[in-house]
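As a plain string of letters, each chain reads:
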Amino acid sequence: MDHLINVLQTDRSDSEIIGYALDTLYNVISNDMEEQEENTQVQGDELSSQFAEIFIKQQDNITLLLSLLEEFDFHVRWPGVKLLTSLLKQQGSPVQQIILVSPMGVSRLMDLLADSREVIRNDGLLLLQQLTRSNAAIQKIVAFENAFERLLDIVTDEGNSDGGIVVEDCLLLLLNLLKNNNSNQNFFKEGSYIQRMKPWFEVGDDNSGWSAQKVTNLHLMLQLVRVLVSPMNPPGATSTCQKSMFQCGLLQQLCTILMATGVPADILTETINTVSEVIRGCQINQDYFSSVNAPSNPPRPAIVVLLMSMVNERQPFVLRCAVLYCFQCFLYKNQKGQGEIVSTLLPSTIDANSVSAGQLLCGGLFSTDSLSNWCAAVALAHALQENSTQKEQLLRVQLATSIGNPPVSLLQQCTNILSQGSKVQTRVGLLMLLCTWLSNCPIAVAHFLHNPRNVPFLTGQISENLGEEEQLVQGLCALLLGISIYYNDNSLEDNTKEKLKQLIEKRIGKENFTEKLGFISKHELYSKAAQKPQPNFSSPDHMIFDHEFTKLVKELEAVIIKAIYKSSEEDKKEEEVKKTLEQHDNIMSHYKTVIREQDMQIEELKQEVASLKCQTEQFQTTVSQQLIQIQQHKDQYNVLKIQLGKDTQHHSSPSDSSQMNGFQSEELSRLREEIDDLKKQKEAFQGQLAEKDGLIESMKSAQLEVRNLKQSTEGSEAVGPGQPEELRREVETFRAQMQTQSMEINRLQTERQELLQKIETMTASSNSTPGEIDTAATARNAELETRLTAALQEIKVLKEEVQALSNEKISFKQQLDSSNSTVLILQNEKSKLEQEVVDSKKEQDDLLVLLADQDQKIYSLKSKLKELGEPVEDEDDLESGDQGDDDDDEDDNELGE
C-alpha cells in the first residue's frame, strides 16, 4: 500500500499508472465481489475495514485523493471516485471529518455532478450519498453548493418518476440532505423547490403495468414530501410547507392519485400517509380534503370511501392503518371537521339514501371484527379530542338495537358491549373512547354515572386478580373511574366525589387502585405508541394504544392519584379554588373582551388621529401660505407708507420723490390692469351669453344672412376686373357659402312644407272611415309619426339646452357679481390711497410755506443787525472763511518743515 501511495504522489504526470494504482487500491479496500459465501463475505468485510483504516491513518492520503479527483482524465477520475466511495463505506465518520476540514473538499466532490460523462456523474451521486449520511455539517455545505437545483434538474432530465436508477439515487441523496435537517428544509422551501415536485405525481388514467423502478421512485418521492411535513419537524416550518404544497397544487395532485384506479397497493398506502401529514393541523388543507370526492356514481366524499376501507376486514392491515392515520390527521385541531363528523350521527342529519362517515364508524364500532372495533373507537375518539361541544352533542346519539326495543344511547351501548366480555382489543378501544369522551366533560360523566350498572362493573373489573392480558383492561377501567371522580360535578347524590372515593377505599383499596392505574404506562406497547402520531404496528395484535390517548394518560394519571388521596375538606377547598379560578377566568375573559374592544377603538381612533393630522398639516400649510401673503401685503403697505413719508422731503431729495411716484404709479397701473381684466372677463361672459341666445334665433336669421351675402356678392361683382385677386377669391368663397346655405334653407323649407302636408293628410285620414285607409297610407302615417316624434324629441333637447344655458347664464351673473364686488373693494382701496397722497401733498405745501416764512424772518433779522452795525456773516461767507483758515494752517506747516 505504501508503494501504491508513493506512485500516486510521484507519478502525477502519468495518468495511466495513476489509474492502475487507484484501481488496485479500490480492489484491496472494497469488498464488492459477487457470489461469495457468507463466511468469506464476513472475513472480506473485516479485511476491507482494516485496509481502509490503514489508508486513512495518514490524512494526507485523503487530501491526495481529493486532488486527484480534479483531474479530468476518465482513467484517473473514475477509479478515484470509486475508491473514495469505498473508503466512506468502510470508515464513514473519520473520512467525513477529514473531507470536512480539507479546503474546498466538499466543493470538489460537488463538481462531479456537472461532469458530462454519465458514469462519473452517477458514481458521484453514490459518493455523495455516503458522504452526507448522518453528518449535518456536510449536509448543509452540500445544500449550499446548489445541490437541490442540480439534483432536481437531473430528475427532470431523466423523466421524473418514469426515470431509471439515476432518479432513485438522486432521491436518496435528497432524503439524506433533508431528513432531520431543519436548516436544509428551510433552504429547500425558501428556494421554491416544493413547486418543482408537482410534476413528479402526474399520473394518467391507465395506471396498470407500472414498472418496479417507477414504484420505487414514487415511493421515494412520497417519502421526500413526508420529510418536509413530518409532525416531528418544528410546527412553524411544517405549516409553511403545508401551505406551499396547497398553493402550488401538490396536494391536489396527491388527492388525484388517492382516488385513481389501478394504483399499486403500496403506493396507495404511502400516498394516504403522505396526504395525512400534508393536511395535519392545517385548516386550509383540511377544508380542501373534505371537499374531495371520489369518481363514483353518485360521487362520494373521499373521507367516506377511505372509512369504508378501514372498517372492511378484507382490506390489507397496512392500508387500514394508513386510513386511520389519515382520518386522525383530518380531525387534528380541526373543530369544524369534528363537528361535521359528529353531525352525521345526529338524528336530524341522517340520510337514509347515502352512507355517512358517522354510520360507518358506528358500524365498525359494533362489528364482529375486533380490529374494526378498535379503529372505529379511536377514530370517534379523535372526533371528540379537545372539543367539549361535540362531547355533549354525541350524548344525543340514539341507536336502534333490535326491532321492538326502545333505542339506547351510544354511551350506554358502549358500556353494554364492555360488560359482555368481548375481545381485549375491542374493550381497550371502547375504554379509550369512553376515557376521551368523559375527560373534561362533567355532563358526560353525569350521564355515565346515571346508569347504576356502570360503577359496579368498573369496581368489579379493577378488584379482580386476572391474568397479564387483562391487566391493561383493569388499568383502563381504573382510569375511567378516576376520570369519573376528577371531573365529577356532584350533580348526582348517589355518585358524588366523596362517595366514589369511599367506594374505592372499601372495595378496591387506594394502593391497589394506584397499582392498577400504573399498568397502562408500564405496558410495553405504551412507549412505542407515545413516540409518533402515526399508528405503526407490526401486526394487528400490537394495535393497542393510540398516540393521542397516551398524552391523555400522561396528563391525567398524576392528578387522578392525587384526587383519590385527597380528603373531603381538601376537595371542598379545591372546589372553592376551582370556583374562584372559574370566576377569575370569567373576569379575565371579560377583561380580555373589553381590552379587545378597546384595542379596536384605539385602532379606529388612531386612524382618525392620523387623518386629522393630515388635515391639520394641510390646514397649517394653507395658513402658512396665507400668512406669507398677509406678510407680503403688510410689506407692500409699509413700503407705501415709507414712500409717502419720503414724499415730504420732495425739495431736499427729488430722487426719492420720483421713486415713490414711480412705485405709486406702478401699483396704480397694476390695479388698473386687474380692473381691465375683470372687465374683459365680464365682456367675455356677456359674449358667451349672447352666443347662446343667438343659437336660439339662428334659424330665424338664416335668410337675412343669405340676403346680406347676396348683396355683398353683387356689390363685389360690380367692382369689375380692376379689383385685386384676393377680393375676387373672397367673393367666390362668399358665393359658395351663399349657394350652400340657400340650398340648405330650400331643403328645410321643402321638408317643412311636406311635413305640414303630411300632418294635414294624417288629420284628414283620421276623420275618414276605416275602409278608405289602405296599406300605403298606413305606412305614410307611421313614417310621419316617427318624424314627428323625432321633431318633438329635438324640441325637447333644445329646451333642455336652453335650460342649461339659462343656468350657465345665472352662474355667469353670480361670477360677474362677485367680480364687481372685488372691483368695488379695489376702487375703495385706491380712493383711500389717493386721499392719503393728497393729504401728504397738502402737508408738504404747508411745510414749504412755513420754511419760506422762516427764511423771510431770518433775512429781515439779518438786515436789522446790519443796520445796527453788528457784523453778520452769510452761510457762504462762513464756508469761504473756513476754507481760508485751512489754507493758512497748511502754509505754517510748510514753513516749519
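Residues numbered from 1 in each chain as written. Predicted model: local features only at pLDDT ≥ 70, side-chain atom pairs only at ≥ 80, totals over all residues. Heavy atoms only, no water.

A. Region of interest: the overall build of the protein chain. Summing up its helical and strand segments, the protein chain has 38 helices and four strands in all. Each of the 897 residues in the protein chain was classed as buried or not, and the buried ones make up 38%. Taking the contacts inside the protein chain whose residues are at least 6 apart along the sequence as the reference set, 70% of them involve residues at least 24 apart. Put simply, the protein chain shows about 51900 Å² of open surface, and 51% of that area lies on carbon and sulfur atoms. (Helix = DSSP H or I, 4+ residues; strand = E, 2+ residues; numbered from the N terminus. Buried < 20%, exposed > 50% of the residue type's maximum accessible area, 1.4 Å probe, protein only. Contact = heavy atoms within 4.5 Å. Areas by Shrake-Rupley, 256 points an atom, 1.4 Å probe, with all protein chains shown as cover.)

B. Summary view of the packing of helix α28 (residues 468–486) against helix α29 (residues 497–507). Running from amino to carboxyl end, α28 crosses α29 at an angle of 150 degrees, the nearest separation of the two axes being 9 Å. As summarised for this structure, α28 and α29 are arranged roughly antiparallel, according to the angle between their axes. Residues Leu481, Ser484, Ile485 and Tyr486 of α28 form the contact with α29, whose participating residues are Lys497, Leu500, Lys501 and Ile504. Here the residues of the contact of α28 with α29 are counted per class, giving five nonpolar, one polar and two charged. (Axes fitted to C-alpha atoms, helices over the stretch in contact; angles between N-to-C directions. Parallel < 35°, antiparallel > 145°, perpendicular 65-115°, else oblique. Nonpolar A, V, L, I, M, F, W, Y, C, P; charged D, E, K, R; others polar.)

C. Helix α10 (residues 147–157), seen in detail. Turning to α10, its buried residues number three or more, namely Ala147, Phe148, Leu151, Leu152, Ile154 and Val155. Seen from one end, α10 has its buried residues packed into an arc of 155 degrees, which puts them on one side. Considering only its buried residues, α10 is in contact with α7 (105–110), α8 (118–131), α9 (136–144), α11 (165–178), α12 (182–190) and α13 (212–228). Phi turns positive one or two residues past the end of α10, at Gly159, with a value near 105 degrees. (Arc of directions from axis to C-beta.)

D. Structural detail: the layout of surface pockets. By volume, the largest pocket is sized at about 920 Å³. Lys179, Arg226, Ser230, Lys532 and Gln534 are, among the 35 residues lining the largest pocket, the residues nearest its centre. For the lining of the largest pocket, the secondary-structure elements that each account for two or more residues are α9, α11, α13, α16 (265–279) and α31 (524–529). The greatest single-element share of the lining of the largest pocket, amounting to four residues, is contributed by α13. Considering only residue class, the lining of the largest pocket consists of 12 nonpolar, 16 polar and seven charged. (1 Å grid on protein atoms, 1.4 Å probe; cavity = no way out; pocket = protein on both sides within 12 Å on 5 of 7 lines; lining within 4 Å. Points joined across faces, edges and corners; volume = space filled by probe spheres on them.)

E. Quick look at the packing of α9 against α12. One way to put it is that α9 packs onto α12 with a least axis distance of 9 Å and a crossing angle of 15 degrees. Here α9 lies roughly parallel to α12, going by the angle between them. Read as a crossing pair, α9 and α12 show a hand that is left-handed. Across from Gln139, Lys140, Ala143 and Phe144 in α9, the residues of α12 making contact are Ser183, Asn184 and Phe187. Within the contact of α9 with α12, the residues separate by chemical class into three nonpolar, three polar and one charged. (Left-handed = near helix turned anticlockwise from the far one by under 90°.)

F. Looking closely at the packing of aromatic side chains. For the structure shown, the criterion picks out 12 aromatic pairs. Taking the centre distance of 5.6 Å and the plane angle of 90 degrees together, the rings of Tyr526 and Phe545 count as edge-to-face. Of this pair, Tyr526 sits in helix α31 while Phe545 sits in the loop between α31 and α32 (547–564), and the two are 19 residues apart along the sequence. Residue classification places Tyr526 among the buried positions, given a relative accessible area of 11%. Under the relative-accessibility criterion, Phe545 is labelled buried at 1%. Among the aromatic residues, those joined into a ring-pair cluster are Phe144, Phe148, Phe187, Phe188 and Tyr193. (Phe/Tyr/Trp six-rings, centres within 6.5 Å; stacked < 30°, edge-to-face > 60°.)

G. Fine view of empty space enclosed by the protein. Scanning the entire structure with this criterion turns up six cavities of 30 Å³ or more. Contributing to the lining of the second largest cavity are Arg280, Tyr325, Gln328, Cys329, Tyr332, His382, Pro533, Asp546, His547 and Glu548. When residues of the lining of the second largest cavity are traced back to their parent elements, those giving at least two are α19 (317–331) and α32. Ranked by residue count, the leading element in the lining of the second largest cavity is α19, at three residues. Among the residues making up the lining of the second largest cavity, the classes are represented as four nonpolar, three polar and three charged.

H. Layout of the state of the cysteines. Taken as a whole and assessed by the stated rule, the structure comprises zero disulfides. Take Cys255: it sits in no disulfide, and the sulfur closest to it among the cysteines is that of Cys326, at 8.3 Å. Accessibility expressed as a relative area gives 4% for Cys255, which makes it buried. No disulfide involves Cys362; its sulfur sits 8.3 Å from that of Cys414, the nearest cysteine. (Disulfide = S-S within 2.5 Å.)

I. Region of interest: the pattern of salt bridges. For the structure on display, the rule yields 15 salt bridges. Across the salt bridge formed by Arg12 and Glu71, the nearest N and O atoms sit 3.9 Å from each other. In this pair, Arg12 sits in the loop between α1 (2–10) and α2 (15–29) while Glu71 sits in the loop between α4 (59–68) and α5 (74–90), placing the two residues 59 residues apart along the sequence. Its relative accessible area of 34% is what places Arg12 among the partly exposed residues. One salt bridge connects Glu548 with Lys551, and the closest N-O pair in it is separated by 3.3 Å. With Glu548 and Lys551 both in helix α32 and three residues apart, this pair spans about one turn of that helix. (Salt bridge = Lys/Arg side-chain N within 4 Å of Asp/Glu carboxyl O.)

J. Summary view of the environment of Leu127. Inspection of the secondary structure assignment puts Leu127 in helix α8. Overall, Leu127 belongs to the buried group, its relative accessible area being 0%. C-alpha of Leu127 to C-alpha of Leu109: the two residues are 18 residues apart in sequence and 8.3 Å apart in space. Beyond its immediate sequence surroundings of up to four residues, Leu127 is in contact with Val81, Leu84, Thr85, Leu88, Leu109 and Leu112.

K. Local environment of the environment of Asp11. When you line up the elements, Asp11 lands in the loop between α1 and α2. Owing to a relative accessible area of 29%, Asp11 belongs among the partly exposed residues under this scheme. Apart from residues no more than four positions distant in its own chain, Asp11 is found in contact with Ile17 and Ile18.

L. Region of the structure containing unusual backbone geometry. Non-glycine residue Asn180 carries a positive phi angle of around 55 degrees. Take Asn180: it is sitting in the loop between α11 and α12. Relative accessible area serves as the criterion here: at 71%, Asn180 is assigned to the exposed category. The phi dihedral of Lys333 falls on the positive side, at around 55 degrees, and the residue is not glycine. Structurally, the position occupied by Lys333 is in the loop between α19 and α20 (335–343).

M. Expanded view of a negative patch on the surface. Together, Glu836, Asp839, Glu843, Asp845 and Asp846 line one region of the surface with negative charge. Topologically, Glu843 is positioned in helix α37 (residues 775–868). (Patch = residues over 30% accessible without salt bridge, like charges linked within 9 Å, V, L, I, M, F, W, Y side chains within 5 Å. Lys, Arg positive; Asp, Glu negative; His and termini not counted. Charge placed at Lys NZ, Arg CZ, Asp CG, Glu CD.)

N. Layout of the side chain of Asn334. Mapping Asn334 onto the fold places it in the loop between α19 and α20. Among the residues examined, Asn334 registers a relative accessible area of 1% and is labelled buried. A polar atom in the side chain of Asn334 sits 2.9 Å from the backbone oxygen of Phe330. For Asn334, the contacting residues outside a window of four places in its chain are Gln283 and Gln286. (Polar contact = N/O pair within 3.5 Å; in protein donor to acceptor, adjacent residues only side chain to side chain.)

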